[in-house]
Amino acid sequence: MLKARILENKLSSLYKAGKIVGGVYLGKGQEAVSGCLGAALIQGKDCFAPLIRDQAGRTAFGEPLIDCTRTYLGSVEGPMKGRDGNIHRGRPDKGMPAMISHLGAQVPLIAGMLFAKRLKGVLEGCVGATCVGDGATSTGAFHEGLNMAAVEKLPMVVVIANNQFAYSTPNNRQFACGDLVERARGYGVGGYSVDGTDLMACASVIGEAVKQARLGKGPQMVVANLLRLSGHGEHDDGSYVPDSARAGYYGRDCIEVAIEQLVEGGYASQAKIDAWREEFSEEVQRAVAQAQQEALPDPYLEKWSALSTTFPYISS
Amino acid sequence: MVRPFHNLSLHFIVSVTYIDAIREAQEDLLREDDRVFLYGQDIANFGGAFKATKGLAEAYPNRVFDSPISEDAMIGLAVGAAIEGMRPIVEMQFADFSSIAFNQIVNQAATHFYRTGMPIPLTVRLPSGGTPGSGPFHSQSMEGLYAQYPGLVVVTPATVSDAYYMLIDAAKMNDPVIYCEHKFLYRWLKAKTIKGEHLPIGQARIARPGKHATVVTYSAMVHEAVRAADRLQQDGWEIEVVDLRSVKPLDIDTVLASVARTGRLLAVGEAFPWGGVTAEVVSRVTEEGFHLLDAPPQRLNSRDTPVPYHPKLWAAHRPTPESISEALRKLLSF
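Residues numbered from 1 in each chain as written. Chains lettered and ligands numbered in written order. Predicted model: local features only at pLDDT ≥ 70, side-chain atom pairs only at ≥ 80, totals over all residues. Heavy atoms only, no water.

Draft legend 1. Quick look at the interface of chain A and chain B. Every contact between the two is made by 43 residues of chain A and, on the other side, 49 residues of chain B. Buried surface at the junction of chain A and chain B, both sides included, amounts to about 3,700 Å², of which 64% is carbon and sulfur. Between the two partners, chain A and chain B, sit three salt bridges. We note a salt bridge from B:R115 to A:D84, for which the minimum N-O separation is 2.7 Å. Linking chain A with chain B are 15 residue pairs in polar contact (both at pLDDT 80 or more), by the criterion used here. Those elements that provide at least two residues to the side of chain A that touches chain B are helix 5 (106-120) and helix 6 (140-151) of chain A. (Contact = heavy atoms within 4.5 Å. Buried area = accessible area lost by both parts, 1.4 Å probe. Salt bridge = Lys/Arg side-chain N within 4 Å of Asp/Glu carboxyl O. Polar contact = N/O pair within 3.5 Å; in protein donor to acceptor, adjacent residues only side chain to side chain. Helix = DSSP H or I, 4+ residues; strand = E, 2+ residues; numbered from the N terminus.)

Draft legend 2. The arrangement of the environment of A:R173 in detail. Residue and element names in this part refer to chain A. With respect to the element layout, R173 can be found in the loop between strand 5 (169-170) and helix 7 (183-187). Residue classification places R173 among the exposed positions, given a relative accessible area of 69%. Residues R173 and G135, spaced 38 residues apart in sequence, show a C-alpha to C-alpha distance of 9.7 Å. (Buried < 20%, exposed > 50% of the residue type's maximum accessible area, 1.4 Å probe, protein only.)

Draft legend 3. How the structure looks around the sheet that holds strand 10 (residues 213-217) of chain B. Residue and element names in this part refer to chain B. Read across the open sheet, the five strands follow the order 9-11-10-13-14; overall the sheet is mixed. Because the sheet does not close on itself, it has two edges, and the strands there are strand 9 (205-208) and strand 14 (298-300). Between one strand axis and the next, the sheet turns by 25 degrees as a mean value, whatever way the strands run. Sheet topology note: the strand 10/strand 11 (residues 239-243) ladder contains five bridges and is parallel. Among the inter-strand pairings, V215 is bridged to a residue of strand 11, identified as V241. Relative to strand 13 (residues 265-268), helix 12 (residues 321-332) is tilted by about 160 degrees, and along the sheet it contacts strand 10, strand 11, strand 13 and strand 14. (Pairing = 2+ DSSP bridges. Axes fitted to C-alpha atoms, helices over the stretch in contact; angles between N-to-C directions.)

Draft legend 4. Looking closely at unusual backbone geometry. A cis amide bond links B:K248 to the next residue, B:P249, at an omega of 0 degrees. With respect to the element layout, B:P249 can be found in the loop between strand 12 (246-248) and helix 9 (252-262). Positive phi outside glycine occurs at A:K81, with the angle close to 55 degrees. Mapped onto the fold, A:K81 is located in the loop between helix 4 (65-73) and helix 5. If you check the backbone angles, A:Y167 has positive phi at about 50 degrees while not being a glycine. Within the secondary structure, A:Y167 is located in the loop between strand 4 (165-166) and strand 5. Residue A:Y167 is classed as partly exposed on the basis of its relative accessible area, which comes to 42%.

Draft legend 5. Representation of a negative patch on the surface in the model. On the surface, A:D274, A:E278, A:E279 and A:E282 cluster together into a negatively charged patch. With respect to the helices, strands and loops of the structure, A:E279 is situated in helix 11 (residues 270-293). (Patch = residues over 30% accessible without salt bridge, like charges linked within 9 Å, V, L, I, M, F, W, Y side chains within 5 Å. Areas by Shrake-Rupley, 256 points an atom, 1.4 Å probe, with all protein chains shown as cover. Lys, Arg positive; Asp, Glu negative; His and termini not counted. Charge placed at Lys NZ, Arg CZ, Asp CG, Glu CD.)

Draft legend 6. Structural view of the layout of surface pockets. Roughly 920 Å³ of volume is contained in the largest pocket. Lining of the largest pocket is provided by 38 residues; of these, B:G144, B:A147, B:Q148, B:V247 and B:K248 occupy positions nearest its centre. Mapped onto the lining of the largest pocket, the elements with two or more residues apiece are helix 5 (143-147), strand 12 and helix 10 (276-289) of chain B. The element best represented in the lining of the largest pocket is helix 10 of chain B, accounting for six residues. Residue classes in the lining of the largest pocket are distributed as 19 nonpolar, 15 polar and four charged. Split by domain, the lining of the largest pocket shows at least three residues from each of two domains, domain 1 (16-191) and domain 2 (205-332) of chain B. Approximately 410 Å³ is the volume attributed to the second largest pocket. What lines the second largest pocket is a set of 20 residues, among which A:M1, A:L2, A:L199, A:L262 and A:W276 lie closest to the centre. Breaking the lining of the second largest pocket down by element, the ones donating at least two residues are helix 1 (2-16), helix 2 (31-40), helix 3 (55-61), helix 8 (199-214), helix 10 (254-264) and helix 11 of chain A. When its residues are assigned to classes, the lining of the second largest pocket shows 17 nonpolar, two polar and one charged. (1 Å grid on protein atoms, 1.4 Å probe; cavity = no way out; pocket = protein on both sides within 12 Å on 5 of 7 lines; lining within 4 Å. Points joined across faces, edges and corners; volume = space filled by probe spheres on them. Nonpolar A, V, L, I, M, F, W, Y, C, P; charged D, E, K, R; others polar. Domains from an automatic or database assignment.)

Coordinates in, geometry out; function isn't part of it.
This is the structure:
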């Protein structure tokens, strides 16, 4: 999560310096939730559909930093080759599909990846996971996908990062139930609530949800409560978030909480964390520098075909 | 187990229908490729609303699945399964309901190859077009809508053999295919054999040769156009009917070659009139073959209202042999 924060701070600087075409969307404040989900999954076995604020989860799942910097900076060497940008990237062949912008859409997609694993006879012990925000829970795709996964009893974990605002829309204009976790019972899936700013709690609760799914207990839904510590994107100052929310409990920075927990719990010394910070900063710098030196997409060399099939009977 | 059309060389089989071909193609695909599975509403033990999957769940357990009424998630699931190497065939109960799945089709499935380099071998079966009494929500023709989006192949079989081979070829294709099967043809259209002419997807067919005017059409309208051509033959007019077979890719070469022979073009489709396949045909011919035209190219589509319920209204909403004949006479009078 620390690596993701350092990377995203760099992306923010690059955006402000005009070095990035298109938007920059940060997971600031969501790193504990996302990182714990990514860390609980096994690349090469599990599948993970990250969403807009999942840099920490992507990194923990095994996505190299260079995939991120190449996509943001438009390198033709990147996984999307300049055809898509920023967080709309993935490696579907490595179990990490590339998100589309339409919220909730990855929920049935992950269900389908798990469904296929069952048909192939390799589902045993596998988990598929995706992260959505509070806003995505209002979509038809979220409902259809979670219900379908429950009907099929698929080992799926859906983490709802309730950061209290869908772009600018607060929870009270998004849903009317008291707590989103109440919906779990209606879907017939496992339900958990967790303090999304507390690394140890996230590791424990999300770890448990992943474990239950892996044991064949069907879909699990985790609602993590937190506050988005940035705008929707770097173009947005988030001025609609009231000061009382920023000053409130969930306004605390999960990275600072995590460092305190690691030091106080004796898991890592402050010196060790400082060393990590230095190491990750260098890694980020290298990934940015490499992507910046690479070629941009060339419209004259681009294969302008949306199909893999060629039709010899058609002249144009 | 009911497998009535399994061995077509048997002499006692006298005729097969369009929907038999669709069922047979799915059975052959299930038998030949373990990666193929069928997913849709009421398609397992019930055999589908139109019985296009009758007996298949019994013959292929764990390969034919009932889905919840969740068109969005049905395609989402199929795309996820395709990413994992499967080759799903999804039945929409009616083409009209695919509007719920529109996002997953055009944004998830259709963009996937271009964005990631990984193609999505998905076939979506759309029971399309009008039948008497079906009304606004069980009658739509959505081929033009899907053809508008890059990354989709859209096929519209008009014959029993095309219904069979185009479904086989669609499922074997590595890209998403929207397979528009016409409900009116399901049991009305019969042939002696399922496995007749096998043309590739992307190639049009001359359904009826002629020299005075060309009708370019597809799906059920091929049969209406041939009837109109038969009527005009009585007055000495020889009308050529081109069956597009696939609306995307569009075999403009065959269309242009026909227009070069006749000098006159009428594009006929059952879909709504604004834009769509007929507009594309007229536009492409005007652009690439303006010099071939002896008369302004014409279009004939459904009326610009929802598809009406009552058979009297419905019959006047879609093109008919009468309205196609009238349009042809107007075209020939230039």
